[in-house]
Amino acid sequence: MLVSLVSIFIVSSFGEEVVYRGFLINRISEIGDGTKNAIRLSVIISALVFGLAHFGWGLMGIRQTTFMGLALALSYQFFK
């Protein structure tokens, strides 16, 4: 059971990062031709979508995951 829980945790976390950082940020920034403002907007939008995706966690969970998504998105842009 422990192996199963760890596997699910790793797969779901990795999947979220691929979708919200790897895919969503790049697609949204492409709409604005990859300009700095488009990238900034895509970081904010991806963080908001990430937070709202955790609606089941309540208002505090949405807020927490939005800021966590913002930090991860900024990290993604910094190290890209």
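Residues numbered from 1 in each chain as written. Predicted model: local features only at pLDDT ≥ 70, side-chain atom pairs only at ≥ 80, totals over all residues. Heavy atoms only, no water.

Draft legend 1. Quick peek at the packing of helix α1 (residues 2-31) against helix α3 (residues 58-79). It is at 11 Å that the axes of α1 and α3 come closest, and there the two elements cross at 60°. By the angle between their axes, α1 is oblique relative to α3. Of the two elements, α1 crosses α3, and the hand of that crossing is right-handed. Across the interface between the two elements, Glu-17, Arg-21, Gly-22, Ile-25 and Asn-26 from α1 touch Gly-69, Leu-72, Ala-73, Tyr-76 and Gln-77 from α3. By residue class, the composition of the contact of α1 with α3 is four nonpolar, four polar and two charged. (Axes fitted to C-alpha atoms, helices over the stretch in contact; angles between N-to-C directions. Helix = DSSP H or I, 4+ residues; strand = E, 2+ residues; numbered from the N terminus. Parallel < 35°, antiparallel > 145°, perpendicular 65-115°, else oblique. Left-handed = near helix turned anticlockwise from the far one by under 90°. Contact = heavy atoms within 4.5 Å. Nonpolar A, V, L, I, M, F, W, Y, C, P; charged D, E, K, R; others polar.)

Draft legend 2. Representation of the side chain of Arg-21 within the structure. Tracing the backbone shows Arg-21 in helix α1. Setting aside residues up to four positions removed in sequence, Arg-21 forms contacts with Glu-16, Asn-26, Phe-50, Gly-69, Leu-72, Ala-73 and Tyr-76.

Draft legend 3. Structural detail: the pattern of salt bridges. Counting across every chain of the model gives two salt bridges. The residue Arg-21 makes a salt bridge to Glu-17 at a minimum N-O spacing of 3.0 Å. Here Glu-17 and Arg-21 lie together in helix α1, a separation of four residues that amounts to about one turn. Of the residues examined, Arg-21 reaches a relative accessible area of 2% and is grouped as buried. When the shortest N-O distance is used, the salt bridge between Glu-30 and Arg-27 registers 3.0 Å. Within this pair, Glu-30 and its partner Arg-27 are both found in helix α1, separated by three residues, close to a single helical turn. The class of Arg-27 is partly exposed, set by a relative accessible area of 35%. (Salt bridge = Lys/Arg side-chain N within 4 Å of Asp/Glu carboxyl O. Buried < 20%, exposed > 50% of the residue type's maximum accessible area, 1.4 Å probe, protein only.)

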